[in-house]
Amino acid sequence: TGKAVRASPAEEGAGEALAVRLDPSGGLAAVAHADRAVRVYDVKTGELVARARGHGEAATALAFSADCGRLITGGGDGCVCVWRLPAERADAARNRLAAAAAAATRQVP
């Protein structure tokens, strides 16, 4: 439709969003900001659930592991970081994936 479903303002001083990635379950969004921090938001509520700092320059690449337990970031500093997501959020993402897989299996004739 071209209309925003949800908008979550970034923390003051975060700067522009440089990269965004949804986790495989669609429940979490990782956002790399110009202030060199990577923030993870709950897509449904907009709640900030994690913040990671470790790159010398802004992160420009983001990826979630297939099991939703890790966030991998690549920065302009040439470093790749692997971050462990909060256990309760990773578990919820895995549950969403399992439910989607079960629903897809039921739909196959």
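Before reading on, note that the structure itself is shown above.
Sequence order as written defines residue numbering, which begins from 1 separately in each chain. Only residues with pLDDT of 70 or above have their local features reported here, since the model is predicted, and side-chain atom pairs are shown and tallied only from 80 upward, although totals for entire chains, interfaces and linings are computed over all residues. The side-chain quantities take in all heavy atoms of the structure and omit both hydrogens and water.

J.: Explain the environment of R96 residue by residue, including any values.
T.: Secondary structure elements are defined from DSSP: runs of H or I of at least 4 residues count as helices, runs of E of at least 2 residues count as strands, and each element is numbered from the N terminus. Tracing the sequence through the fold places R96 in helix α1 (residues 87-107). As for R96 and P24, which are separated by 72 residues in sequence, their C-alpha atoms are 9.2 Å apart. Whether two residues touch is decided by their heavy atoms; if any such pair falls within 4.5 Å, the residues are in contact. Leave out the neighbours within four places in its chain, and R96 touches D23, S25, G27 and L28.

J.: An account of the sheet that holds strand β4 (residues 48-53) is needed here, citing residue identities and associated values.
T.: We treat two strands as partners when DSSP finds at least two bridges between them. Here we have 4 strands laid out as an open sheet, ordered β1-β2-β3-β4, and antiparallel in their pairing. Lying at the two open borders of the sheet, with one neighbouring strand each, are β1 (17-22) and β4. Direction aside, neighbouring strands of the sheet carry axes that sit 20° apart on average. As paired strands, β1 and strand β2 (residues 28-33) are joined by 5 bridges and run antiparallel to one another. Bridging from a neighbouring strand, A17 pairs with H33 of β2. Axis lines are fitted through C-alpha atoms, for helices just across the contact stretch, and the angle between N-to-C directions can take any value from 0 to 180 degrees.

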